[in-house]
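Remarks on the overall topology
Residue-level listing of the chains:
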Amino acid sequence: MTTRMLTGGAAVLALMPAIAAAQCDDGERVVNFSHVTAANGHPKGEMAAALAERVNEAMDGTLCMEVFPNSTLFDDDKVLEAMMLGDVQLAAPDVGKFDAYSQALQVFNLPFLFASTEAVQRFTEGEAGQDLLMAMEDSGIIGLAYVYNGLRQFSAGQPLIEPTDAEGLKFRVTTSDVTEAMIDELGAQPQALAFSEVYGALQTGVVDGQENTWSNIYTQKFYEVQDGITETNHQFLTYLMVTSQDFLDSLDEGTREEFLSLVDEVSDEYNARANEINAEARQAIIDAGGTVRELDDAQRQAWVDAMTPVWDQFEEAIGSDVIEAAQAANEG
Ligand code: LMR
C-alpha cells in the first residue's frame, strides 16, 4: 500500500517506521499504544507512559513500546481497525465504545450503576468482570486489563441543577447506545463526536454540553468553554486495554508472559491512583476559575430518576446476570 492511498492516522503511520526505527533496536518488536487522552494528569495517559517505561526497561532487546497520546495517531473509532491491521498493538478505549463488538460491556455505561471506583474494582476482579475481558474474542480482540478513570459529570453553556435544565440542549456523547439513550431520557439531543473534536464543538456551539470525568474536563480544558460543571457522578468511565489475538500469538510464550505480567502490574498501580488524579483535576478546575456545582440529595435523585429508565431498555442486550453482578459489587 502506498502512502497516497492512506488517510488520517494511517497516513501518519506510513511515515512512522523511520521514527520507530530510530528509537527501537534491530530485532525488537514494536508495540504501538495509541490513545486519545492527555499523557499527564490523566489516569490512562500516565498508565500508558509508565507501561512503556517498564516494558522498555525490563524487555529491552525484545519489545520496544511507543505511546501515541492525544489522538495523534488514531481516534477511538479507527483504532480497533488499525489494531486488526497490525498498525497498533495496544489501545484502551472507553468500554462504551466497544458496543459494535459486545453489548455486555455496555454494563459500565448504565447510569448510576457503579457508585465508586471500589465497586468497579470488585466487579472487574470478580467472575463476571473477568469473563468480559474475553467478550470480543470472536472478533480477534483480547481484553488484557481494565483501566479506571472515574465518574462522569455534566457540563453545559448554562447552569444545570435539575435534569429539566438539560431539556432541548445538545450534548456531545461517545459512540455508546446506552449513553445516547440516557441523553434522550433527559429530553436532550445526543451528538456522537470524537474526543478530539469536543473542545472545538463546545467553543463554536456545535453542541451545548458534554459529560466526562474531572481528569478529562481538566486536561482538555472543557471548563474554559462551559458555564460550569455539575457534580452528577452519573457514569463510571472504565477503559479496557486491548490487543489483537494475532499480536499475542506472534510472541513466544516467555515474552508473552512477561509482557502480560507488566500490563497487570502497571494497570493495578495506576488504578489505585485514579481517584487521586481525578480529585486533583477537580481542584485544578476550581483553581483555574471553573465553576463546580454540587447537588443536594433531592437534586441528585432527580437525575437518577430521569436517567435510570435506560436500564430496562438494555437489560436483555447486556444480560441481567451481568447487571446483577455489577449491582452486587456496589454492596461490597
Ligand atoms: C471520551 O471520548 O469521552 C472518552 O472516552 C475519552 C477517554 O478516553 O477518556
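Structure: see above.
Quick look at the structure, then. (Residues numbered from 1 in each chain as written. Predicted model: local features only at pLDDT ≥ 70, side-chain atom pairs only at ≥ 80, totals over all residues. Heavy atoms only, no water.)

1. Looking at the overall build of the chain
- Of regular secondary structure, the chain possesses 15 helices and 10 strands.
- Along the three orthogonal principal directions, the C-alpha set of the chain runs to about 60 × 45 × 35 Å.
- Split into buried and exposed, the 332 residues of the chain put 54% on the buried side.
- In the chain, of all internal contacts separated by at least 6 residues, the share reaching a separation of at least 24 is 74%.
- Just so you have it, the chain exposes about 13800 Å², and 45% of that area is on carbon and sulfur atoms. (Helix = DSSP H or I, 4+ residues; strand = E, 2+ residues; numbered from the N terminus. Buried < 20%, exposed > 50% of the residue type's maximum accessible area, 1.4 Å probe, protein only. Contact = heavy atoms within 4.5 Å. Areas by Shrake-Rupley, 256 points an atom, 1.4 Å probe, with all protein chains shown as cover.)

2. A look at the site of the ligand
- With respect to spatial proximity, 13 residues lie near the ligand, and among them Lys44, Lys97, Arg172, Asn212 and Tyr239 are the closest.
- With respect to the ligand, the side chain of Lys97 contributes an N or O atom lying 2.8 Å from an oxygen atom.
- Arg172 is positioned such that a nitrogen or oxygen atom in its side chain is 2.7 Å from an oxygen atom of the ligand.
- Look at the ligand: alone it shows 270 Å² of surface, and the protein chains cover 100% of it. (Near = heavy atom within 4 Å. Polar contact = N/O pair within 3.5 Å; in protein donor to acceptor, adjacent residues only side chain to side chain.)

3. Let's talk about a negative patch on the surface
- Where like charges cluster on the molecular surface, the negative patch consists of Asp312, Glu315, Glu316, Asp321 and Glu324.
- Of all the elements in the fold, those that place two or more residues in the negative patch are helix 14 (310-318) and helix 15 (320-330).
- The element that contributes the greatest number of residues to the negative patch is helix 14, accounting for three residues.
- Looking at the element boundaries, Glu316 is found in helix 14.
- The class of Glu316 is exposed, set by a relative accessible area of 78%. (Patch = residues over 30% accessible without salt bridge, like charges linked within 9 Å, V, L, I, M, F, W, Y side chains within 5 Å. Salt bridge = Lys/Arg side-chain N within 4 Å of Asp/Glu carboxyl O. Lys, Arg positive; Asp, Glu negative; His and termini not counted. Charge placed at Lys NZ, Arg CZ, Asp CG, Glu CD.)

4. Observations concerning the packing of aromatic side chains
- Going through the model one piece at a time under the given rule, you end up with 10 aromatic pairs.
- Plain terms: the ring middles of Tyr148 and Phe236 are 6.3 Å apart, the flat faces sit at 80° to each other, and that makes the pair edge-to-face. Taken together, the residues span a long stretch of sequence, with Tyr148 in strand 4 (residues 141-156) and Phe236 in strand 9 (residues 236-244) at a distance of 88 residues.
- For the ring pair Phe195 and Phe222, a centre distance of 6.1 Å and an interplane angle of 80° mean the geometry is edge-to-face. Of this pair, Phe195 sits in the loop between strand 6 (189-192) and helix 8 (198-204) while Phe222 sits in the loop between helix 9 (214-219) and strand 8 (228-230); the two residues are 27 residues apart in sequence, bridging distant segments of the chain. The two residues Phe195 and Phe222 agree in class, both being buried. (Phe/Tyr/Trp six-rings, centres within 6.5 Å; stacked < 30°, edge-to-face > 60°.)

5. Things to note about the state of the cysteines
- Within the structure shown, the criterion is met by one disulfide.
- A disulfide bridge connects Cys24 with Cys64, and the sulfur atoms are separated by 1.9 Å. The chirality of the disulfide connecting Cys24 with Cys64 is left-handed, given an S-S dihedral of about -75°. A residue pair is termed long-range when its members are at least 10 positions apart, and Cys24 in the loop between helix 2 (17-23) and strand 1 (29-34) and Cys64 in strand 2 (residues 63-68) qualify at 40 residues.
- With relative accessibility at 8%, the residue Cys24 sits in the buried group. (Disulfide = S-S within 2.5 Å.)

6. Quick look at the packing of helix 3 (residues 43-58) against helix 11 (residues 253-271)
- Contact geometry of helix 3 with helix 11 gives a least axis separation of 9 Å together with a crossing angle of 145°. Once helix 3 is placed against helix 11, the crossing between them reads as right-handed. Together, Pro43, Glu46, Met47, Ala50, Leu51, Arg54, Val55 and Ala58 of helix 3 and Glu258, Phe259, Leu262, Val263, Glu265, Val266, Ser267, Glu269 and Tyr270 of helix 11 make up the contact between the two elements.
- For the contact of helix 3 with helix 11, the class distribution of residues is 11 nonpolar, one polar and five charged. (Axes fitted to C-alpha atoms, helices over the stretch in contact; angles between N-to-C directions. Left-handed = near helix turned anticlockwise from the far one by under 90°. Nonpolar A, V, L, I, M, F, W, Y, C, P; charged D, E, K, R; others polar.)

7. So, the pattern of salt bridges
- Counting across every chain of the model gives 10 salt bridges.
- The salt bridge involving Glu46 is made with Arg273; its shortest N-O contact spans 3.2 Å. Highlighted residues: Glu46 in helix 3 and Arg273 in the loop between helix 11 and helix 12 (274-287), separated in sequence by 227 residues.
- In this structure, the salt-bridge partner of Asp227 is Arg293, at a minimum N-O distance of 2.9 Å.

8. A few points about the nonpolar core
- Core analysis: the biggest nonpolar cluster contains 59 residues, and Val107 and Phe108 have the highest contact counts within it.
- It is strand 4 that contributes the most residues to this core, six residues altogether.
- For Phe108, the contacting residues outside a window of four places in its chain are Val95, Phe114, Val120, Phe123, Thr124, Leu132, Tyr146, Gln235, Phe236 and Thr238.
- Within the second largest apolar cluster, 28 residues are counted, among which are Phe33, Ala48, Met241 and Phe259. (Core = buried A, V, L, I, M, F, W, Y, C linked by side-chain atoms within 4.5 Å.)

9. Let's talk about the layout of surface pockets
- Approximately 360 Å³ is the volume attributed to the second largest pocket.
- For the second largest pocket, the lining is made up of 20 residues, of which Glu125, Tyr146, Tyr148, Asp268 and Asn271 are closest to its centre.
- Those elements that place two or more of their residues in the lining of the second largest pocket are helix 5 (117-125), strand 4, helix 11 and helix 12.
- Of the residues belonging to the lining of the second largest pocket, the class tally is eight nonpolar, seven polar and five charged. (1 Å grid on protein atoms, 1.4 Å probe; cavity = no way out; pocket = protein on both sides within 12 Å on 5 of 7 lines; lining within 4 Å. Points joined across faces, edges and corners; volume = space filled by probe spheres on them.)

10. Observations regarding unusual backbone geometry
- Here the phi dihedral of Ser71 falls at roughly 60°; this positive angle occurs in a residue that is not glycine.
- Assessed through its relative accessible area of 16%, Ser71 is described here as buried.
- Despite not being glycine, Lys221 has its phi angle at roughly 60°, a positive value.

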